[in-house]
Amino acid sequence: MDPMLNIGIKAAREASKAMIYSIDHLDQIKIEKKGRADYVSEIDRQAEKIIIETIHAAYPDHGILAEDSGISGDKNKSEHEWIIDPLDGTTNFLHGYPVYSVSIALRVKGELTVGIVYDPSRDELFSASKGKGAHLNNKRIRVSPTSHFSDALLATGFPYNDMNYLEPWMASFKSLVPHVAGVRRAGSAALDLAQVACGRFDGFWEFGLKSWDIAAGIILIQEAGGFSCDMKGDQRMLDTGHIIAGNAKLFKRLQTLVKEHAKGLENI
């Protein structure tokens, strides 16, 4: 197994221990509000610290891009950058709703090479390294074989703190709902993308995300045989924060419908 993937997995599992312990002590957790419906807890910070320390113990010169602590390390010095969301789905976690995850990705010379999404509630570890496929708990996974859009189960995330995205998202939602079997919104983009990679969802779209929300999921889907892009069809998802992802048979249709109806994103 890729040694860097091993380190990422070790970091994710160690960080999750803090969450598992704290889920029974939610009333004691210190919480800060970063913005509208945007929270950070001491568990986020504790998990992020564990992840960074685990990575730097093995690779002290690697750069870090993390949700709460920002950028650490000299990006010009190292070709390696770890992209970390220690707790994707903080609001779910703080309410005791068991849909949250640890997301860790590695970018080398600007290219994603490793992705890990760990779901502590179900003890499900999604992992991928470039050219070596994607796995769920060491079992190879592939995107779904669904070929008819009317049979598709999609996942999404609607805007919760930046309401500028609300109208474009509503338009895309209205365009998709009549044509698919269902749409789900669980509250952890990283986990939603992992579910696309293993075939539980047939596609996913969302606007205005951060790179740490989607980096691991992008390579998971890629290595599982799926596709992803931004609203313009480019591979600039980590820059724009807009993402469409899906299996090989439905991806183009999903991309077309979202792009046609999500007007105004280029002005946000």
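Structure: above.
Now for a look at the structure at hand.

Thresholds applied
- Residues numbered from 1 in each chain as written.
- Predicted model: local features only at pLDDT ≥ 70, side-chain atom pairs only at ≥ 80, totals over all residues.
- Heavy atoms only, no water.
- Salt bridge = Lys/Arg side-chain N within 4 Å of Asp/Glu carboxyl O.
- Helix = DSSP H or I, 4+ residues; strand = E, 2+ residues; numbered from the N terminus.
- Buried < 20%, exposed > 50% of the residue type's maximum accessible area, 1.4 Å probe, protein only.
- Phe/Tyr/Trp six-rings, centres within 6.5 Å; stacked < 30°, edge-to-face > 60°.
- Lys NZ or Arg CZ within 6 Å of the ring centre and 35° of its normal.
- Axes fitted to C-alpha atoms, helices over the stretch in contact; angles between N-to-C directions.
- Parallel < 35°, antiparallel > 145°, perpendicular 65-115°, else oblique.
- Left-handed = near helix turned anticlockwise from the far one by under 90°.
- Contact = heavy atoms within 4.5 Å.
- Nonpolar A, V, L, I, M, F, W, Y, C, P; charged D, E, K, R; others polar.

1. What to know about the pattern of salt bridges
And then number 1: Tallied over the entire structure, the rule returns eight salt bridges.
And then number 2: For Lys17, the salt bridge is made with Glu14, and the minimal N-O distance between the two is 3.0 Å. In this pair, Lys17 and Glu14 are both assigned in helix 1 (residues 3-22), three residues apart and thus about one turn of the helix distant.
And then number 3: Residue classification places Glu14 among the partly exposed positions, given a relative accessible area of 31%.
And then number 4: Across the salt bridge formed by Glu81 and Arg107, the nearest N and O atoms sit 2.7 Å from each other. Of the two residues, Glu81 sits in strand 5 (residues 80-88) while Arg107 sits in strand 6 (residues 101-108), which places them 26 residues apart along the sequence.
And then number 5: Take Glu81: its relative accessible area is 7%, and that puts it in the buried class.
And then number 6: Using a relative accessible area of 16% as the deciding quantity, one classes Arg107 as buried.

2. Focus on the packing of aromatic side chains
The description of two aromatic rings rests on the distance between their centres and on the angle between their planes.
And then number 1: In total, this model carries five aromatic pairs according to the counting rule given.
And then number 2: Each ring, one from Trp169 and one from Trp205, has its centre 6.5 Å from the other, and the planes form 10 degrees; the classification is stacked. Note that Trp169 is positioned in helix 4 (residues 166-176) and Trp205 in strand 13 (residues 203-206), a separation of 36 residues in sequence.
And then number 3: In this structure Trp169 comes out as buried when scored by relative accessible area, which is 6%.
And then number 4: For Trp205, a relative accessible area of 0% gives the class buried.
And then number 5: Sitting over the ring of Phe158, Arg185 keeps its end group 4.1 Å from the ring centre.

3. Remarks on unusual backbone geometry
And then number 1: Unusually for a residue other than glycine, Lys109 sits at a positive phi of about 55 degrees.
And then number 2: For Lys109, the position within the fold is in the loop between strand 6 and strand 7 (111-119).
And then number 3: Relative accessible area serves as the criterion here: at 65%, Lys109 is assigned to the exposed category.

4. Details of the packing of helix 1 against helix 2 (residues 42-58)
And then number 1: Where helix 1 meets helix 2, the closest approach of the two axes is 9 Å, and the angle between their N-to-C directions is 155 degrees. What the angle tells us is that helix 1 and helix 2 run roughly antiparallel. Taken as a pair, helix 1 and helix 2 cross one another with a handedness that is right-handed. Residues Ile7, Lys10, Ala11, Glu14, Ala15, Ala18, Met19 and Ser22 of helix 1 lie in contact with helix 2, whose contacting residues are Ile43, Gln46, Ala47, Ile50, Ile51, Thr54, Ile55 and Ala58.
And then number 2: Per-class residue counts for the contact of helix 1 with helix 2 are 11 nonpolar, three polar and two charged.

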